[in-house]
Amino acid sequence: MSRPTDHAAEEDLVLLAMGELPPDRSAALESHLETCVGCRRAHEEVRAVLAKFADGRREELDARLPPAGPARAELRRRLAEQAEGAAPQRLPSLLTSPNLRVALALAALALVAGVAVVQWSETPAGAVAARYAPDPRLTPGLATSASARELCASPVPDEALPVARPVAVGVFRAYGVADPEPRAYELDYLIPPELGGAGDARNLWPQPYGAEPWSAHAKDALEDRLRHLVCQGELPLAVAQRDLARDWTAAYRRYFRVEEPLVEHAGFLKDQPWE
Amino acid sequence: MLKVKFGRFWPGQGRGSGAAGALSLPLESAAPAVELRDATGIEQEVADIEQQVTDLFDELRVPALRYLLSLGLSAADGEEILQEVFLALFQHLRNGRPRTSLRGWVFRTAHNLGLKRRKKVHTNPAPAVEPELLGRSADHRPNPEERLRERQAYERMRAVVNALPERDQACLSLRAEGLRYREIAEALGISLGAVSLSIQRSLARLREARP
């Protein structure tokens, strides 16, 4: 490209004018432009044409732009609403589904089972602390840095992440349960692993099945619902984590739009009881 | 935030060796450290994302709105679409999606929603130049004759651009908004080569139309 008669390709002139030519080719072409008047003129013209079009277009369209303030304020308001975990519009409607009979039958069965657990757990061998909410000082909730995409790509295993026995015993002791009744509790992750919850004592607490109506069954149903929303892209992962860590019963009320746990959730079993 | 090691059963939980290594309290695991976020960290992350979305809105609202107007949408429709775009961006970022080329992502989402909206409202895709609007915009040039010449030159250019295929118009509009070729390719879902050819073709037409 050193001889003025050997003109640069139109494509390269445009790419140079647009700042899209790789650095080595860009340097070679620029040195050619110093000696080739025709190419230099063509290059300047390309730049000028785009600049004039961009200026004229801006002038034309800017006159139609509304002021930014209201749109910005509206976005802030809606972001805050989303960040507060406003429940999406769609809700599962078991009551209208063809599985209604099955669900009600399961629920009835589960209620009977639940009563049995409560009665059994009241035996003198060990009292069940009726604690449906974790102590925020002991269990503030802890999450890993796993993203929703990573988490949703992993199927939920049949059994919950096992907890090392010494750790589990430590958690029970911290909650004042020296001799936990088998099958009366779920050693629950406040933020479940499938939503990025960490396998750490600060994310675990003994949740009694007998703490009706806010039992481990209801919590399991909520976890299932939140994972579904997160994996559908309808709820930011951090919002789900935060809502569980803050107050899971409030989250349940918000996400299912009810005041008390739904009857069909009394039979919901995702995680295994502590034995 | 603290760094702890523990067993792997879920993404982000490192590698471990079964039940005994499943919790972080016994710290003897040889797994790489992973970052944990407590409740405060999670709250902070949500706030950071909100701020990042607002910053990008401040930066991109005007060029993206101009682009939507050039698709033939009204300013009100454009504003509404941008609200949707930036709320979707909030989800996109929160769900751990890549943060590179967010400008390309914003324009792609705006472009797709814009076309959808345009189909719905049956608006003219390429509105003619509106001279009365040109007269309303800020005039920074002191010479009225020069200004008139420039306006006429732009009107000629607009006529040329309006006759271009729609994809060429879109490429040129996005380039006029300062997007790089790779961002245009992402926004329109076409190859880098197609962007390059399109812009070269459009600029050749514009140069031919110069007095």
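Throughout, residues of each chain are indexed from 1 in the direction in which the sequence is written. Both sets of labels track the order of writing: A upward for chains, 1 upward for ligands. Reporting in this predicted model follows two pLDDT cut-offs: at least 70 for local features of residues, and 80 or more for side-chain atom pairs to be given and counted; totals over whole chains, interfaces and linings ignore these cut-offs and use all residues. Here the side-chain values reflect all heavy atoms present in the structure, with hydrogen atoms and water set aside.

Some points on the overall build of chain A
Selection criterion: Under the DSSP-based scheme used, a helix requires at least four consecutive residues in state H or I and a strand at least two consecutive residues in state E, with every element numbered from the N terminus. Residue exposure (1.4 Å probe, protein chains only): buried if accessible area is under 20% of the type maximum, exposed if over 50%, otherwise partly exposed. What makes two residues a contact is simply this: any of their non-hydrogen atoms within 4.5 Å. Exposure was quantified through the Shrake-Rupley algorithm and a 1.4 Å probe, taking into account, for residues, occlusion by the shown protein chains and nothing else.
Scanning chain A for helices and strands turns up 10 helices and 3 strands. When each of the 275 residues of chain A is scored for burial, the buried share is 48%. For chain A, the proportion of contacts with a sequence separation of at least 24, taken over those separated by at least 6, is 76%. Carbon and sulfur atoms provide 55% of the accessible area of chain A, an area that totals close to 13100 Å².

Some remarks on unusual backbone geometry
Residue and element names in this part refer to chain A. With a phi angle near 55°, Arg257 is a residue other than glycine that sits in the positive phi range. Relative to the assigned elements, Arg257 resides in the segment after α10 (248-256). Arg257 sits in the partly exposed class, given a relative accessible area of 43%.

Observations concerning the environment of A:Arg246
Examined against the element boundaries, A:Arg246 turns out to sit in helix α9 (residues 237-246). Along the primary structure A:Arg246 and A:Pro134 are separated by 112 residues, whereas in three dimensions their C-alpha atoms are 10.0 Å apart.

Structural notes on the confidence of the model for chain A
Keep this limit in mind: pLDDT gives the predictor's per-residue confidence on a scale running from 0 to 100.
When pLDDT is averaged along chain A, the result is 75; 74% of the residues meet or exceed 70. Counting interchain partners and residues more than four positions distant, the pLDDT-below-50 stretch residues 86-130 of chain A has 56 contacts.

Observations regarding the packing of aromatic side chains
Residue and element names in this part refer to chain A. Rules: Aromatic contacts are taken between Phe, Tyr and Trp rings whose centres are within 6.5 Å, Trp giving its six-membered ring; a plane angle under 30 degrees counts as stacked, one over 60 as edge-to-face, and the others as tilted.
Tallying each qualifying case throughout the model produces 6 aromatic pairs over all chains. With a centroid separation of 4.6 Å and an interplanar angle of 45°, the aromatic rings of Tyr252 and Phe256 are classed as tilted. Remark: Phe256 and Tyr252 occur in helix α10; sequence separation between them is 4 residues, near one turn of the helix. Phe256 gets classed as buried once you look at its relative accessible area, which sits at 7%. By the ring-pair criterion, three or more aromatic residues cluster together here, those being Trp214, Trp248, Tyr252 and Phe256.

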